[in-house]
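Okay, here's what each chain looks like letter by letter:
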Protein chains: 4
Amino acid sequence: MVRVSFRDIGLRYTLSPYEKPVAYVKPGGLIVVEVEDASSGQIRKPGDVRDRGRIPFGNPLVGPIYVEGAKPGGSVIVTIEDIKPTIGQGAIYFSDFTERYLTEVPILRFMRTAFPYRMKICRIEGDTVFFDGLKLPYKPMVGTIGTAPYLEVESVSSSLLPGRHGGNMDIPDICPGSRVSLPVFYEGALLYVGDVHAIQGDGEISGTAIEMPAEVALRIDISEQGLRWPRIESGEEMMCIATTGSGRSFEDAVRIAFLELALWIEERYGIDRFDGLMICSIAGKIRVGNLWSLAAKIEKRYLDRSL
Amino acid sequence: MVRVSFRDIGLRYTLSPYEKPVAYVKPGGLIVVEVEDASSGQIRKPGDVRDRGRIPFGNPLVGPIYVEGAKPGGSVIVTIEDIKPTIGQGAIYFSDFTERYLTEVPILRFMRTAFPYRMKICRIEGDTVFFDGLKLPYKPMVGTIGTAPYLEVESVSSSLLPGRHGGNMDIPDICPGSRVSLPVFYEGALLYVGDVHAIQGDGEISGTAIEMPAEVALRIDISEQGLRWPRIESGEEMMCIATTGSGRSFEDAVRIAFLELALWIEERYGIDRFDGLMICSIAGKIRVGNLWSLAAKIEKRYLDRSL
Amino acid sequence: MVRVSFRDIGLRYTLSPYEKPVAYVKPGGLIVVEVEDASSGQIRKPGDVRDRGRIPFGNPLVGPIYVEGAKPGGSVIVTIEDIKPTIGQGAIYFSDFTERYLTEVPILRFMRTAFPYRMKICRIEGDTVFFDGLKLPYKPMVGTIGTAPYLEVESVSSSLLPGRHGGNMDIPDICPGSRVSLPVFYEGALLYVGDVHAIQGDGEISGTAIEMPAEVALRIDISEQGLRWPRIESGEEMMCIATTGSGRSFEDAVRIAFLELALWIEERYGIDRFDGLMICSIAGKIRVGNLWSLAAKIEKRYLDRSL
Amino acid sequence: MVRVSFRDIGLRYTLSPYEKPVAYVKPGGLIVVEVEDASSGQIRKPGDVRDRGRIPFGNPLVGPIYVEGAKPGGSVIVTIEDIKPTIGQGAIYFSDFTERYLTEVPILRFMRTAFPYRMKICRIEGDTVFFDGLKLPYKPMVGTIGTAPYLEVESVSSSLLPGRHGGNMDIPDICPGSRVSLPVFYEGALLYVGDVHAIQGDGEISGTAIEMPAEVALRIDISEQGLRWPRIESGEEMMCIATTGSGRSFEDAVRIAFLELALWIEERYGIDRFDGLMICSIAGKIRVGNLWSLAAKIEKRYLDRSL
């Protein structure tokens with residue numbers, strides 16, 4: 001087993017092929033990654049604020065992790081084995097980013113007003129996350145996981161953006177037990193991980209979820225299969241992810257995700273793509289990650305003629 | 001109990017204040033509505049096609065139903081009591097609309113090609129819908145329900161469009177047991193209903209679901225509460241719906257839905273709107289209806305301090 | 001010559017096939033239409049405000065005008081002969097609509113603030129429009145012109161929306177000397193006109209331009225040619241218009257407009273559609289009307305091999 | 001005068017802070033940059049095709065050029081002095097990118113068809129560009145100019161994307177005589193230039209314009225003024241640019257561009273921002289660059305009370 005911690009290697013805010021690997025892992029191997037939270041650890045107790053002067057970026061990652069044998073044109077398969085909070089708490093907060101996330105147009109600045117600052121430290125105990133007096137279930141997930149991007153238009157990427165390489169997808173289904181397949185563009189895949197949430201809603205509408213520092217255990221495999229988009233698979237469901245980076249509308253992201261899912265169904269189950277599209281129209285699900293990312297999914301049992 | 005059937009009053013393709021009521025119902029009353037399927041009954045057996053020459057429109061409705069006592073500025077509350085298939089089957093099919101739905105841009109026409117025609121008749125037996133050899137659960141829902149629209153920009157509406165008045169929302173949560181509140185713009189609300197699905201996937205990606213003629217039982221109530229958007233409430237969840245008609249992007253529809261949901265949470269639970277937005281960011285869900293409609297929702301148990 | 005004035009027939013806020021014609025015009029005939037301004041005449045002098053209580057809608061029209069001989073499936077060709085201000089002034093104002101127009105998301109309401117009210121009466125003298133101390137050229141145009149809509153999804157329409165039937169396009173090229181061809185869906189075309197601007201910027205970004213009551217002289221012709229979208233033609237340029245109603249993104253509206261323009265070039269000049277698309281890529285122009293409407297155009301001289 | 005040519009330093013496909021400067025220029029200095037065309041020189045004569053196997057990327061740039069004294073938080077001002085074609089011709093071609101550009105959704109692949117390949121070599125003589133038998137005016141422009149990006153979400157960028165740092169804006173107004181101001185994020189600004197067009201239509205709808213290798217003469221200045229978006233200024237017009245990268249819709253790009261333009265008008269002319277917005281609503285123009293980029297502009301003479 002390999003271990004790597006942000007404490008030793010620092011925080012990264014891009015997914016990039018230009019950086020030296022911080023760890024090496026063999027196919028079939030397990031790696032435990034200790035990640036900082038999305039505030040870069042600036043928000044730990046009441047009164048803390050994000051200090052952009054000191055740390056201008058958000059969403060720090062650990063990486064790149066070099067996967068031995070991963071080749072451009074193939075893929076890397078990451079099984080999320082476990083996610084553990086490291087300090088027994090997480091935080092949700094409005095940032096200067098919240099305004100933009102909620103309206104895109106800088107209308108509040110134009111009006112000389114601003115979104116109020118607010119922050120909550122949330123204790124995590126067993127299966128429960130405490131938000132003031134409310135109890136929410138602990139449903140840990142990895143918000144950002146991706147390889148060094150390369151293909152046109154997506155290129156080197158901010159840790160805030162999703163794309164064909166994965167990245168900041170914020171899909172709650174990337175949780176213990178699920179398997180994420182990512183396209184590989186460089187030798188060694190150059191995997192990045194971070195942005196763990198104790199629980200997150202669809203769309204992460206205020207811009208953050210319960211952000212927590214955590215220890216993530218990942219099983220790594222490789223495949224020669226080429227992928228156009230990340231795939232997520234869990235026991236009962238299979239999925240295909242699309243993102244709206246680069247001027248793509250959400251509607252088009254839904255269309256792309258279902259067309260790709262129909263092709264995956266054809267490949268896996270021998271169901272013709274047009275029938276597959278009909279099945280998606282009847283039983284497909286859409287999961288919204290953040291406002292740039294979503295996933296189309298289908299339950300496997302609906303595809304099995306023997307049931 | 002009032003009964004009204006498309007057999008007696010014909011098919012309507014707009015939600016309009018210009019038509020005479022086809023039925024009258026009192027607050028607290030039950031009305032059973034027999035609706036035709038979205039193909040206007042043109043697709044019943046293998047080989048059938050949509051004949052646009054004879055029926056240019058899709059998605060026929062029954063209405064307007066006059067709700068006694070419903071006043072402009074108030075709302076009408078419709079509880080879905082029951083949905084029954086009337087001929088034991090439904091159909092899913094590609095139409096000339098499918099091309100546009102899947103790409104919006106008329107690229108196939110420009111390329112002098114076309115989406116292939118395909119159609120499946122699907123038998124419904126008990127809890128099961130048969131799609132070729134596959135078994136899918138029977139999850140009936142009302143695709144289109146709305147009042148005569150009035151407010152600016154939405155005005156009189158095609159039965160294909162969603163809006164503040166409801167309309168073609170295609171939200172699977174509008175199913176037996178749920179309660180839909182719709183804004184009222186005209187005396188009597190002028191309710192329209194149709195487009196029942198035996199089961200539908202998020203986004204209804206091929207343009208149709210399992211479309212079935214059905215009998216729908218609705219309990220009707222009225223309220224003086226004004227609404228900006230339709231609200232759906234079921235046992236465990238409450239929701240708020242937004243639509244993308246009129247050039248609104250899906251991302252903005254997500255934003256609007258969650259802002260409205262936070263206001264509803266404030267109104268119902270006394271949780272301040274900014275906290276409510278955080279709770280949505282942690283535990284909210286997005287349900288995609290079709291490519292013009294979605295709903296934001298939250299489970300009630302997350303809002304209750306006494307649990 | 002036929003004359004019709006809003007003073008005699010009242011103000012209409014929808015384009016609808018359900019209303020009785022207010023005037024009849026023969027092919028080749030001239031009709032002079034007196035229209036009210038977009039505020040329904042509520043803003044005439046300093047201190048005036050839009051009173052939604054009295055007039056909830058904006059953008060009143062005159063119509064429907066019945067064009068003799070116009071048949072469904074054909075088109076009506078309207079030449080703008082003249083536009084005259086009737087009271088020597090116009091007005092620009094922020095309305096409650098401005099907020100939505102500028103951000104779509106109701107973020108100001110959520111923040112319990114509002115866009116400030118502001119209004120300017122602008123004198124028009126000869127070729128000049130006075131905005132406080134600034135002089136702007138008088139460039140009159142017809143903001144809204146359309147036929148009674150019919151086809152799916154667009155149906156009966158608010159006077160605020162553009163669509164395949166024309167409507168609220170706000171394209172400054174619809175000015176004296178230009179020819180607008182509109183698809184006909186009903187016997188008599190059922191033409192509506194209104195929303196004259198003394199001058200308007202691309203996108204009409206604050207929600208109104210210099211709105212003025214006016215007298216508009218229109219020459220009416222008919223054609224058997226079917227149209228998918230309105231076409232505008234002036235001496236040196238030809239155009240094709242697309243709209244973003246019904247969840248269509250602006251990017252897709254640009255794509256549709258240019259694909260249609262390439263088809264028009266093929267039809268008119270015998271230049272193959274793929275070459276035509278290249279020519280658009282080299283020399284096409286986009287004119288943004290409002291945030292739901294745009295037009296693609298090309299100068300005719302670029303299409304003529306004999307030059 | 002400094003000279004730098006792609007022949008000596010190779011082709012770059014990202015704007016990145018990680019690369020060594022290829023030239024140094026002092027404030028007030030002139031630099032002449034020889035750039036390759038967007039096909040990386042692969043399309044020179046009939047029969048040539050883009051060979052993605054050899055060169056996977058498009059839109060090569062020259063850079064980074066280090067501007068002495070340029071500081072993060074300030075800006076760099078680039079005056080386009082001259083653009084000269086180097087081989088007397090340009091080319092326009094469909095690429096595998098064309099499909100995606102025209103529909104975004106991979107519908108042609110799903111249909112197992114493809115956009116036809118087509119290519120034209122276009123001779124340039126004096127003021128004329130020849131496209132088969134058609135004559136078009138020679139209107140040279142710089143498609144891509146930008147600094148090394150840095151701020152969140154935009155980070156290191158593909159040469160195909162526009163952003164706050166400039167990049168692939170494809171705005172025809174960036175032509176001889178105009179002045180482009182770009183925000184600086186790193187010491188030395190790290191300027192990149194490329195993608196020259198002999199003439200380009202709005203939206204560059206087939207994905208390429210008349211792409212030509214060229215020699216570009218640039219005068220470089222620096223300023224301490226911070227910028228949120230690139231500004232372009234020419235004799236009679238001033239502009240402000242917005243881009244749709246990262247899931248931003250075109251409508252929002254129009255809104256952002258005009259809000260920023262109103263703020264610029266306030267700063268330069270002392271006209272209050274709300275009045276400025278009205279003036280934009282009356283006389284502003286929108287220029288569409290490509291499907292990710294646009295600019296809002298206003299003629300200066302409309303802002304001058306002394307005229």
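On a predicted model such as this, the values are computed, not experimentally measured, just so you know.

### Details of the overall build of chain A
Then, number 1: Secondary structure assignment for chain A yields 5 helices and 21 strands.
Then, number 2: Computed over its C-alpha atoms, the radius of gyration of chain A comes to 19 Å, within 12% of the 19 Å expected for a compact globule of 307 residues.
Then, number 3: Overall, chain A is about 55 × 40 × 40 Å in size when its C-alpha atoms are taken along their principal axes.
Then, number 4: Here the analysis covers contacts within chain A between residues at least 6 apart in sequence; of these, 77% occur between residues at least 24 apart.

### Looking at the pattern of salt bridges
Pairing between side chains of opposite charge can happen when the charged atoms of each approach one another.
Then, number 1: Applying the stated rule across the entire model yields 120 salt bridges over all chains.
Then, number 2: With a closest N to O distance of 3.5 Å, D:Glu104 and D:Arg100 form a salt bridge. There is no split in this pair, since D:Glu104 and D:Arg100 are both buried.
Then, number 3: Counted as one network, the salt bridges with shared partners bring together A:Arg118, A:Lys120, A:Asp132, B:Asp272 and B:Asp275.

### A short note on the sheet that holds strand E5 (residues 61-67) of chain C
Then, number 1: Pairing within the open sheet is mixed, and its 6 strands lie in the order E3-E5-E16-E11-E14-E13 (chain C). In this open sheet, the two edge strands, each paired with only one partner strand, are strand E3 (23-25) and strand E13 (162-163) of chain C.

### Quick notes on the pairing of strand E21 (residues 293-299) of chain D
In regular strands, side chains alternate between the two faces of the sheet.
Residue and element names in this part refer to chain D.
Then, number 1: Extensive coverage of E21 is indicated by the burial of 7 of its 7 residues.
Then, number 2: Across the two faces of E21 the burial is the same, with Ser293, Ala295, Lys297 and Glu299 and Leu294, Ala296 and Ile298 all buried.
Then, number 3: Relative to E21, strand E20 (residues 285-288) runs antiparallel, the two sharing 4 bridges. Each bridged residue has a counterpart across the sheet, and for Val288 the counterpart in E21 is Leu294.

### Some details on the relation of the copies chain A and chain B
Then, number 1: If you rotate chain A by 180° and push it 0.0 Å along the axis, it lands on chain B with an RMSD of 0.0 Å. The two molecules are tied by a two-fold rotation axis, judged by turn and shift. Ranked by how close their C-alpha atoms come to the rotation axis, the residues of chain A are headed by A:Phe250, at 2.9 Å.
Then, number 2: Interface residue correspondence from chain A to chain B reaches 100%, placing this contact among same-surface, isologous pairings.

### Comments concerning the relation of the copies chain A and chain C
Then, number 1: Placing chain A over chain C gives an RMSD of 0.0 Å and needs a rotation angle of 180°, together with 0.0 Å of translation along the axis.
Then, number 2: A shared binding surface is used by both copies, with 100% of the interface residues of chain A retained as interface residues in chain C.

### Some remarks on the sheet that holds strand E9 (residues 128-131) of chain D
All names here are of chain D.
Then, number 1: If you walk across this open sheet you meet the 4 strands as E7-E8-E9-E10, and the pairing is antiparallel. The open sheet is flanked by strand E7 (89-93) and strand E10 (134-137), the only strands paired with a single partner. Each strand of the sheet is rotated relative to its neighbour by a mean of 30°, with strand direction disregarded.
Then, number 2: Pairing between E9 and E10: 4 bridges, direction antiparallel. Residue pairing across strands places Phe131 opposite Leu134, the latter belonging to E10.

### As for the interface of chain A and chain B
Then, number 1: Every contact between the two is made by 62 residues of chain A and, on the other side, 62 residues of chain B.
Then, number 2: For chain A, the biggest contributors to the area lost against chain B are A:Arg255, A:Met278 and A:Ile282; these three give 15% of the whole.
Then, number 3: Seen at the junction of chain A and chain B, the total is 8 salt bridges.
Then, number 4: The partner of B:Arg118 in a salt bridge is A:Asp272, with the nearest N and O atoms 2.5 Å apart.
Then, number 5: Contributions of two or more residues to the side of chain A that touches chain B are made by strand E7 (89-93), helix H2 (96-103), strand E8 (119-125), strand E10 (134-137), helix H4 (250-269), helix H5 (273-283) and strand E20 (285-288) of chain A.
Then, number 6: It is H5(A) that provides the largest number of residues to the side of chain A that touches chain B, a total of 9 residues.
Then, number 7: By residue class, the composition of the side of chain A that touches chain B is 34 nonpolar, 10 polar and 18 charged.

### Details of helix H4 (residues 250-269) of chain C
All names here are of chain C.
Then, number 1: When the terminal C-alpha atoms of H4 are compared, their 28 Å separation across 20 residues agrees well with the 28 Å that a helix rising 1.5 Å per residue should span.
Then, number 2: Of all 20 residues making up H4, 16 are buried, and the element is well covered by its neighbours.
Then, number 3: Among the residues trailing H4, Gly270 stands out with phi positive, at a value near 70°.

### Some details on the environment of A:Arg287
Then, number 1: Relative to the helices and strands, A:Arg287 is located in strand E20.
Then, number 2: Remark: the alpha-carbon pair of A:Arg287 and A:Glu266, spanning 21 residues in sequence, is separated by 21 Å.
Then, number 3: Residues within four places of A:Arg287 in sequence aside, it is in contact with A:Ile171, A:Pro172, A:Asp173, A:Asp202, A:Leu294, A:Ala295, A:Lys297 and B:Lys285.
Then, number 4: Reaching out from A:Arg287, the side chain makes a polar contact with the side chain of A:Asp173 at a distance of 2.8 Å.

### Examining the domain arrangement of chain A
Residues and elements named next belong to chain A.
Then, number 1: On domain assignment, one finds that chain A holds domain 1 (2-228) and domain 2 (235-302).
Then, number 2: With centres defined by C-alpha atoms, the gap from domain 1 to domain 2 works out at 23 Å.
Then, number 3: With 22 residues of domain 1 at the interface, the matching set in domain 2 holds 19 residues.
Then, number 4: Summing both partners gives a buried area of about 1,600 Å² for domain 1 against domain 2, and 55% of it is carried by carbon and sulfur.
Then, number 5: For domain 1, the biggest contributors to the area lost against domain 2 are Tyr101, Ile171 and Asp173; these three give 29% of the whole.
Then, number 6: Applying the counting rule to domain 1 against domain 2 returns 4 salt bridges.

Thresholds applied
Residues numbered from 1 in each chain as written. Chains lettered and ligands numbered in written order. Predicted model: local features only at pLDDT ≥ 70, side-chain atom pairs only at ≥ 80, totals over all residues. Heavy atoms only, no water. Helix = DSSP H or I, 4+ residues; strand = E, 2+ residues; numbered from the N terminus. Rg over C-alpha atoms; globule rule 2.2 N^0.38 Å. Contact = heavy atoms within 4.5 Å. Salt bridge = Lys/Arg side-chain N within 4 Å of Asp/Glu carboxyl O. Buried < 20%, exposed > 50% of the residue type's maximum accessible area, 1.4 Å probe, protein only. Pairing = 2+ DSSP bridges. Least-squares fit on C-alpha atoms with pLDDT ≥ 70 in both. Axes fitted to C-alpha atoms, helices over the stretch in contact; angles between N-to-C directions. Buried area = accessible area lost by both parts, 1.4 Å probe. Nonpolar A, V, L, I, M, F, W, Y, C, P; charged D, E, K, R; others polar. Expected span 1.5 Å × (residues − 1). Polar contact = N/O pair within 3.5 Å; in protein donor to acceptor, adjacent residues only side chain to side chain. Domains from an automatic or database assignment.

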